[in-house]
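So you can see what is in the structure, the chains are spelled out below.
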Amino acid sequence: MNTEETVTAAVSDLRLGSSFTLAHLLQAIQERRHRRLRVVELADLDTRDGICALWLVTDTEDFVLHARSDSALHRQQFVLHELAHMILGHTEGDDCTAGDVLLPNIPPHTRGRLLKRQDIDSETEIAAESLADRLAAGIRGSVFAESRYSEIFG
Ligand SMILES: [Zn+2]
């Protein structure tokens, strides 16, 4: 499968339809992975080296850690990018303990697998970015649907 086909298959596999909310998407991923997923803002995340979000896999939970951003759209894109890696099953990464990454809401010494990728030319990055864009379009679709709904019925 090429990237386009992989991404299209992943979207239809989620069974969310053409428009959905971020909450629905998070729910669908939790159900697929049979584990809790938390999205945590990490004020200390250093974005100078290009890291805007990380996926931390612990024994029991998944965390998406994202940098603070004044733009809700940017923040959403960071998160969707990491969610895309989860959906596509990109699970290789470095072993670390949660304490290494200074996490406020995560018990220290939780063993985890920290997934961060800065090599944006790699195939997994291209696929994740492409899926993130598709997910963003689905969420925009639901925003439009909701505003149309309130126009008619509000
Ligand atoms: Zn990535």
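Residues numbered from 1 in each chain as written. Predicted model: local features only at pLDDT ≥ 70, side-chain atom pairs only at ≥ 80, totals over all residues. Heavy atoms only, no water.

By the naming in an unreviewed UniProt entry, the protein is IrrE N-terminal-like domain-containing protein, taken from Microbacterium enclense.

Visitor: Looking at this structure, how should I read the overall build of the protein?
Guide: Broken down by element type, the protein carries four helices and five strands. When the elements of the protein are put in sequence order from the N terminus, they spell out α-α-β-β-β-α-β-β-α. The buried share of the protein, reckoned over its 154 residues, is 42%. Counting contacts in the protein only where the partners sit at least 6 residues apart, residues at least 24 apart contribute 65% of the total. Carbon and sulfur atoms make up 51% of the accessible area of the protein, which amounts to about 9000 Å² in all. (Helix = DSSP H or I, 4+ residues; strand = E, 2+ residues; numbered from the N terminus. Buried < 20%, exposed > 50% of the residue type's maximum accessible area, 1.4 Å probe, protein only. Contact = heavy atoms within 4.5 Å. Areas by Shrake-Rupley, 256 points an atom, 1.4 Å probe, with all protein chains shown as cover.)

Visitor: Would you explain the nonpolar core in this entry?
Guide: Within soluble globular proteins, side chains that are nonpolar tend to cluster in buried spots. Core analysis: the biggest nonpolar cluster contains 28 residues, and Leu 25, Leu 80, Leu 83, Ile 87, Leu 131 and Leu 135 have the highest contact counts within it. Among the elements of the structure, helix H1 (3-14), helix H2 (22-33), strand S2 (53-58), helix H3 (72-88) and helix H4 (123-153) are those that each provide at least two residues to this core. Those residues in contact with Leu 131 that sit more than four places away from it in its chain are Val 7, Ala 10, Val 11, Ala 84, Ile 87 and Leu 88. Among the nonpolar cores identified, the runner-up in size contains 13 residues, and Leu 42, Leu 56, Leu 65 and Ile 106 belong to it. (Core = buried A, V, L, I, M, F, W, Y, C linked by side-chain atoms within 4.5 Å.)

Visitor: Explanation requested: the pattern of salt bridges in the structure shown.
Guide: A side chain of one charge can pair with a side chain of the opposite charge when the charged atoms of the two come close. Per the counting criterion, the structure on display carries seven salt bridges. Between Arg 33 and Asp 62 there is a salt bridge, with the nearest N and O atoms lying 2.6 Å from each other. One end of the pair, Arg 33, is in helix H2; the other, Asp 62, is in strand S3 (residues 61-66), with 29 residues separating them in the sequence. The exposure class of Arg 33 is partly exposed, given its relative accessible area of 24%. Given the relative accessible area of 1%, Asp 62 is considered buried. (Salt bridge = Lys/Arg side-chain N within 4 Å of Asp/Glu carboxyl O.)

Visitor: What is the right way to read the coordination of the zinc ion from this model?
Guide: Under perfect tetrahedral coordination by four donors, a metal shows angles of 109.5 degrees; under perfect octahedral coordination by six donors, it shows angles of 90 or 180 degrees. Only His 81 (NE2), His 85 (NE2), Glu 125 (OE) and Glu 125 (OE) from the protein reach the zinc ion as donors, at distances of 2.0 to 2.6 Å. Relative to the metal, the four donor atoms surrounding the zinc ion lie at angles of 54 to 133 degrees, and the coordination shape comes out irregular. Here the donor residues for the zinc ion map to a single chain with the spacing H-x3-H-x39-E. Of this pair, His 81 and His 85 are both found in helix H3, four residues apart, which corresponds to roughly one turn of the helix. Residue His 81 is classed as buried on the basis of its relative accessible area, which comes to 13%. Looking at His 85, the relative accessible area reads 1%, which means it is buried. (Donors = N, O, S within 2.8 Å, 3.2 Å for Na, K, Ca; no water. Tetrahedral: all angles 85-135°; square planar, octahedral: opposite > 155°, others 65-115°.)

Visitor: Teacher, can you tell me more about the environment of Leu 54 here?
Guide: By the element assignment, Leu 54 lies in strand S2. Considering only alpha carbons, one finds Leu 54 and His 66, twelve residues apart in sequence, at a separation of 6.4 Å.

Visitor: I'm lost on H1 in this one. Help?
Guide: Helical geometry: 3.6 residues make up each α-helical turn, so side chains three or four residues apart lie on a common side. Between its terminal C-alpha atoms H1 stretches 17 Å, which fits the 16 Å expected from twelve residues at 1.5 Å a residue. Within the span of H1, buried status applies to Val 7, Ala 10, Val 11 and Leu 14. Projected down its long axis, H1 carries its buried residues within an arc of 100 degrees, all on one side. Measuring from the side-chain oxygen of the N-cap residue of H1 to the backbone nitrogen of Glu 4 gives 3.1 Å; that N-cap residue is Asn 2. Looking one or two residues beyond H1, the residue adopting positive phi is Arg 15, at roughly 55 degrees. (Expected span 1.5 Å × (residues − 1). Arc of directions from axis to C-beta. Polar contact = N/O pair within 3.5 Å; in protein donor to acceptor, adjacent residues only side chain to side chain.)

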